[in-house]
Amino acid sequence: MISNQNNAIGIFDSGIGGLTVANAIFDLLPNEQLLYLGDTAHIPYGTKSAASIRQFCLDITHYLLQQGCKAIVVACNTASAAALESLRQTWPDIPIIGMEPAVKPAVKASKSGKIGILATAGTFDSVRYENLVERFAEGTTVLENPCLGLVEKIEAGLQAHPATINLLNKILQPMLEEEVDTFVLGCTHYPIVKEQIQSIVGPNAQIINPAPAVAKQLKKRLEKLALLRQLPFEGKHQFLLSKYNLAFENTLKRYGKVPYSLSEIDPSKVFSNLI
Ligand code: DGL
């Protein structure tokens, strides 16, 4: 195992969404160094085939490990659904943390017994999601929406735009009419519009963002493997994009509580098959 406590944690998503997870990691593990890859050349993942996403994830993980990362965080529900198993099979000695919609906590939190899951089509179509609902949501009404077009709006920096609010209304109103009282942000992009969602669903509805739980899980795994960095990292965290996106930079500035560098990476350095 290559690992060393002082090496970076590799983290990736199709774009901006993983920043919501990176943020939770900075909060919980302030000593750690992050190397983030946003696969903006292939966004959105949510409407692509599981096989394509799996290949992107294998290539990205291979690249991050080549850079010496000691652990990998798949900061994307869609990518986790398509590729987590393959990644863990390919690199059994590397801690690889994935994500899934927080169905279990939502079932626990709901008073009406009706929960709303906001995710992507790719996540909803996966066996992983199907198993999750089967295991934890018995007796609960689960309403789902693949939020078509929402990721693109967030990637374009349009979180407060009237068209985005309109789309959120279309997604959320039918759930509210069914008395859903707990909403799961099952895509890492969606916490970026949490404020907008909360103003539609009202202050009493619960909105579950799983990012802090992912950071906790990462901490647990690193602790167990004696891989937690002991001294603060004093350099710049590195953010790479397979295609430059201004909204990513703006979101990073807004979220960024740490020194960072942002650059575009030549996709041929990462991906075996370019599409
Ligand atoms: N952020 C990703 C997720 O958590 C999906 C975004 C996309 O469709 O690319 O599912």
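Before reading on, note that the structure itself is shown above.
Residues numbered from 1 in each chain as written. Predicted model: local features only at pLDDT ≥ 70, side-chain atom pairs only at ≥ 80, totals over all residues. Heavy atoms only, no water.

A few words on the overall build of the protein. Tallying secondary structure elements over the protein gives 11 helices and 10 strands in all. The globule rule puts the C-alpha radius of gyration for 275 residues at 19 Å, and the 18 Å found for the protein is close to it. Summarising its shape, the C-alpha atoms of the protein cover approximately 50 × 35 × 35 Å along the three principal directions. Taken across its 275 residues, the protein has 53% of its residues classed as buried. Taking as baseline every contact in the protein between residues at least 6 positions apart, the subset at least 24 positions apart corresponds to 76%. Each charge class in the protein can be summarised by its mean position, and for the 25 positive and 25 negative side chains these summaries are 6 Å apart. (Helix = DSSP H or I, 4+ residues; strand = E, 2+ residues; numbered from the N terminus. Rg over C-alpha atoms; globule rule 2.2 N^0.38 Å. Buried < 20%, exposed > 50% of the residue type's maximum accessible area, 1.4 Å probe, protein only. Contact = heavy atoms within 4.5 Å. Lys, Arg positive; Asp, Glu negative; His and termini not counted. Charge placed at Lys NZ, Arg CZ, Asp CG, Glu CD.)

Turning our attention to the pairing of strand S9 (residues 237-241). When you tally the buried positions in S9, you get four out of five residues, the bulk of the element. Taken together, the five bridges between S9 and strand S10 (residues 260-264) define a ladder with parallel strand orientation. Pairing of Leu241 across the sheet is with Glu264, part of S10. Running through helix H11 (residues 246-255), the crossover from S9 to the neighbouring parallel element S10 is right-handed. (Pairing = 2+ DSSP bridges. Right-handed = clockwise from strand over helix to strand, strands pointing away.)

A few words on the environment of Glu138. Looking at where Glu138 falls in the secondary structure, it is placed in the loop between helix H6 (127-136) and strand S6 (141-145). Along the chain, Glu138 and Val107 lie 31 residues apart, while their C-alpha atoms are 9.0 Å from each other.

Turning our attention to the sheet that holds strand S5 (residues 114-118). Across the sheet, which stays open at both edges, the four strands sit in the order S6-S5-S7-S8 with parallel pairing between neighbours. The open sheet is flanked by S6 and strand S8 (206-208), the only strands paired with a single partner. Neighbouring strand axes in the sheet, compared pairwise and without regard to direction, differ in orientation by 20° on average. Note that S5 and strand S7 (residues 182-185) share four bridges and pair parallel. (Axes fitted to C-alpha atoms, helices over the stretch in contact; angles between N-to-C directions.)

Attention shifts here to the site of the ligand. Residues in close proximity to the ligand total 14 residues, the closest being Ser14, Tyr45, Gly46, Thr78 and Thr188. The separation between an oxygen atom of the ligand and a polar side-chain atom of Thr78 is 2.5 Å. For the shell around the ligand, the per-class residue count stands at six nonpolar, seven polar and one charged. (Near = heavy atom within 4 Å. Polar contact = N/O pair within 3.5 Å; in protein donor to acceptor, adjacent residues only side chain to side chain. Nonpolar A, V, L, I, M, F, W, Y, C, P; charged D, E, K, R; others polar.)

Turning next to the sheet that holds strand S1 (residues 9-13). Spatial strand order, S4-S3-S1-S2-S9-S10: six strands in an open sheet with parallel pairing. Strands at the two margins of the open sheet, each flanked by one partner only, are strand S4 (96-97) and S10. In this structure, strand S3 (residues 71-74) lies alongside S4, joined through two bridges in parallel fashion. Looking across to S4, one finds that Ile72 is bridged to Ile96. Seen against the sheet, helix H1 (residues 18-28) touches S1, strand S2 (34-38), S3 and S9 and runs at an angle of roughly 170° to S2. Of the strands in this sheet, S2, S9 and S10 are in contact with H11, which crosses S10 at around 170°.

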